[in-house]
Amino acid sequence: MSTMQESTIGHVVGTDGIKAMCSIDNATLAGIRARIGGDTDNTSIGAIVRISVSGTDVFCGLVELARDHDDPGRSLAELEYIGEGVHDTGGALVGFSRGVSSFPQPGDPARLATEEELAIIFAPPDLPHIQFGTVYPTRGVRAPVLFDNLLSRHFAIVGSSGSGKSTTVSLLLDRIVGRAGHGHVVIFDPHGEYAHAFGDAAQVWDVSNLAMPYWAMNLDEHCEAFIAAGDDRTVDANIMAKVLLRARQRNIHAEAPGRITADTPVSYQLKDLTDALEEEAGRLEKLADASRYTHLRLTIEQFFHDRRYNFIFNAEHAGASLQKLLGDILRIPNAGKPISIIDLAGVPTEIVNVVVATLTRLILDYAIWAPRAERAPILLVCEEAHRYLPRHMNEATRSVRTQLERVAREGRKYGVCLGLVSQRPSELSDTALSQCGTLISLRLNNQSDQDHLIAALSEGARSLAGSVGALRNRECVISGEGVPIPMRVRIDELEVEKRPASEDPSFSDRWSHDRADSALLDTTVRRWRVDR
């Protein structure tokens, strides 16, 4: 039996249904710390404490330590209940279950949990799982993430800039596709960070090779692309609804033409849309009213003539296949590349929200209409999620927020998991964040972000929540459905070749040599003019 098991550090002085208060002997605690040295970190905030209760053991997380003003030799500790031990007939600890059935009473002794006990507490159940780190405060207990619980309940990864979010995402996805190589993962990558992170396991789509047909947009997305915000937007939206429906109905190859609506993903010719606008304008008696139709037609034609938008607003896409687009994006068939990266770095800012909204809606609609017994589950990872899912609704993000919130609310019923990645959880939609069954938090420096996260954490995580502002790089707190119990984790180091291109430039290195010259300016301006 270890020294830690033998040493009672204090006793319970108060309890309720959530926490226990203990009186801790300072000298005993200091002696344990001195004896065990660096063998464990289970002696301070976040430590796991074992309370003996009527033949069983209740395990708690150490939330707070404060000086006992009535007894300078003792401290008062607040302990949050985590669960209780499962014992064999001889009384030895053989398992752990969340929840507490027998609560401590004043006077019950408290001890620090041993490394062996921690290994039992954090041991994964007999379920599919992945491991991507070591549980703090242990030295060798691996952190299990339950595969199906993580992916069937949505999850969020949050952390301040520089805390290692992108690397954590890469590591997590690497372990996921390593565990199940026939998956279907889609990543919305706004900065082009992940293109080289997954090697041959990923297919990268950007403006150079993505053929996204304009007619796949629904009415809202057409309006967001072609109609400016303003007081008269509703009038223009009604015009768009009428002419878009007429253009779709002119598709002579459409199945069930009588059931076509403005939202049906049936292809149409650009000329049919502009002709419908001219026909409607010609029916008006007042020339001033006709100007609306002319302005809308000219705006649409301008998008189709601007080569920056060729990947979407291209008349040649009228004959594109929706089946091919879905197959490319969703990796159906997988073809040994389970990850599809949508590189949004080259997408013009004016339509990036439209692109994300359209692809998100197509993914969910595919899952809804696919035969239940045959559809393949999909993981949709949204980097910089606060851009597309802001806490407060605004006209610029209305369509994309609507579609992503649809996935958050309805996706898991149809096998679509949403993974949100953000540096500002306080700016994320409450609806979306509340639907995330698992939260993975790296260091958060902003107080409002910390408060928002603490409010969203599951039960039993308060002992860890206070540490999110003090986490080191490659450390995180995980709570929720995806882990046996809330835990602080030292994340495994990811191989260099698998890391995303998200590192900040080194000013001290770059400024040590004068590498910028006129040739750099020539190259930059040429790319600016030609590649734009």
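Before reading further, recall that the structure is shown in the block above.
Only a predicted model underlies this, so the values are computations on that prediction, with no experimental measurement involved.

Asks: How do you make sense of unusual backbone geometry when you look at a structure like this?
Replies: Negative phi values dominate among residues other than glycine, just as trans dominates among peptide bonds. Cis rather than trans, the peptide bond between tyrosine 136 and proline 137 has omega equal to 15 degrees. Within the secondary structure layout, proline 137 lies in the loop between strand S8 (129–136) and strand S9 (142–146). For the bond running from isoleucine 332 to proline 333, omega is 0 degrees, close enough to zero to count as cis. Along the chain, proline 333 falls in the loop between helix H10 (322–330) and strand S13 (339–343). Positive phi values are uncommon outside glycine, yet alanine 335 reaches one of about 55 degrees.

Asks: When you look at the pattern of salt bridges in this model, what are you seeing that I'm missing?
Replies: Any two side chains of opposite charge can pair if their charged atoms end up close together. Counted under the stated rule, the structure contains 34 salt bridges. Note that arginine 401 and glutamate 405 form a salt bridge whose closest N and O atoms lie 3.1 Å from each other. With arginine 401 and glutamate 405 both in helix H13 (residues 398–410), this residue pair falls four residues apart, about one helical turn. With relative accessibility at 11%, the residue arginine 401 sits in the buried group.

Asks: Can you walk me through helix H8 (residues 270–282) in this structure?
Replies: Think of an α-helix as turning once every 3.6 residues; residues three or four places apart then point the same way. End to end, H8 covers 19 Å across 13 residues, agreeing with the expected 18 Å (1.5 Å per residue, within 8%). For H8, the complete set of buried residues consists of Leu270, Asp272, Leu273, Thr274, Ala276, Leu277, Glu280 and Ala281.

Asks: Mind showing me how you'd approach the packing of helix H6 (residues 219–226) against H13 here?
Replies: H13 packs onto H6 with a crossing angle of 150 degrees between their chain directions and a minimal axis gap of 9 Å. With respect to their mutual orientation, H6 and H13 come out roughly antiparallel. Contacts from Asp220, Glu221 and Glu224 of H6 reach H13 at Arg398, Ser399 and Gln403. When the residues that make up the contact of H6 with H13 are grouped by side-chain class, the tally is no nonpolar, two polar and four charged.

Asks: Could you clarify how one ought to interpret the packing of aromatic side chains in this entry?
Replies: Where two aromatic rings form a pair, the distance of their centres and the angle of their planes describe that pair. Following the criterion strictly, the structure yields twelve aromatic pairs and no others. With centroids separated by 6.2 Å and ring planes inclined at 65 degrees, the aromatic side chains of phenylalanine 59 and phenylalanine 96 adopt a geometry described as edge-to-face. Note that phenylalanine 59 is positioned in strand S4 (residues 56–67) and phenylalanine 96 in strand S6 (residues 93–98), a separation of 37 residues in sequence. Per residue, the accessibility class of phenylalanine 59 equals that of phenylalanine 96, and both read buried. Taken together, a centroid distance of 5.1 Å and an interplanar angle of 80 degrees make the contact between phenylalanine 507 and tryptophan 511 edge-to-face. Accessibility classification places phenylalanine 507 together with tryptophan 511 in one group, the exposed group.

Asks: When you look at the sheet that holds strand S14 (residues 378–382) in this model, what are you seeing that I'm missing?
Replies: One key point about sheets: their strands pair by backbone hydrogen bonds, in either a parallel or an antiparallel sense. Within the open sheet, the eleven strands sit side by side as S9-S8-S18-S17-S16-S10-S15-S14-S11-S13-S12. Their pairing is mixed. Edge positions in the sheet fall to S9 and strand S12 (202–205), since each has one partner strand and no second. The mean inter-strand angle of the sheet, taken between neighbouring strand axes irrespective of direction, is 25 degrees. Running over the sheet, H10 touches strand S11 (185–189), S12, S13 and S14 and is turned about 105 degrees from S13.

Asks: Honestly, the state of the cysteines in this entry has me stumped. Any pointers?
Replies: Put plainly, a disulfide is one covalent bond tying together the sulfur atoms of two cysteines. Summed over all chains, the structure comprises zero disulfides. Take cysteine 60: it sits in no disulfide, and the sulfur closest to it among the cysteines is that of cysteine 22, at 7.0 Å. On the basis of relative accessible area, cysteine 60 is assigned to the buried category, the value being 0%.

Asks: Looking at this structure, how should I read the side chain of aspartate 108?
Replies: Along the polypeptide, aspartate 108 turns up in the loop between S6 and strand S7 (109–112). Despite its burial, aspartate 108 pairs with no opposite charge; the closest candidate is arginine 111, at 9.2 Å N-O. Of note is the side chain of aspartate 108, whose polar atom sits 2.7 Å from the backbone nitrogen of glutamine 105. Leaving out residues up to four positions away in the same chain, aspartate 108 has contacts with Gly10, His11, Val12, Ile51, Ser52 and Val53.

Asks: Would you mind showing me how to read the pairing of S14 here?
Replies: Among the five residues in S14, five count as buried, and that is most of the element. Examined bridge by bridge, S11 and S14 share four bridges and lie parallel to one another. What sits directly across from valine 186, in S14, is leucine 380. Note: S14 against strand S15 (residues 416–422), five bridges, orientation parallel. Pairing of cysteine 382 across the sheet is with leucine 420, part of S15.

Asks: Can you help me understand the environment of asparagine 394 in this one?
Replies: Examined against the element boundaries, asparagine 394 turns out to sit in the loop between helix H12 (385–388) and H13. Relative accessible area serves as the criterion here: at 33%, asparagine 394 is assigned to the partly exposed category. Remark: the alpha-carbon pair of asparagine 394 and threonine 431, spanning 37 residues in sequence, is separated by 15 Å. In terms of polar contacts, asparagine 394 uses its side chain to reach the backbone amide nitrogen of alanine 396, at 3.1 Å.

The rules behind each value
- Residues numbered from 1 in each chain as written.
- Predicted model: local features only at pLDDT ≥ 70, side-chain atom pairs only at ≥ 80, totals over all residues.
- Heavy atoms only, no water.
- Helix = DSSP H or I, 4+ residues; strand = E, 2+ residues; numbered from the N terminus.
- Salt bridge = Lys/Arg side-chain N within 4 Å of Asp/Glu carboxyl O.
- Buried < 20%, exposed > 50% of the residue type's maximum accessible area, 1.4 Å probe, protein only.
- Expected span 1.5 Å × (residues − 1).
- Axes fitted to C-alpha atoms, helices over the stretch in contact; angles between N-to-C directions.
- Parallel < 35°, antiparallel > 145°, perpendicular 65-115°, else oblique.
- Contact = heavy atoms within 4.5 Å.
- Nonpolar A, V, L, I, M, F, W, Y, C, P; charged D, E, K, R; others polar.
- Phe/Tyr/Trp six-rings, centres within 6.5 Å; stacked < 30°, edge-to-face > 60°.
- Pairing = 2+ DSSP bridges.
- Disulfide = S-S within 2.5 Å.
- Lys, Arg positive; Asp, Glu negative; His and termini not counted.
- Polar contact = N/O pair within 3.5 Å; in protein donor to acceptor, adjacent residues only side chain to side chain.

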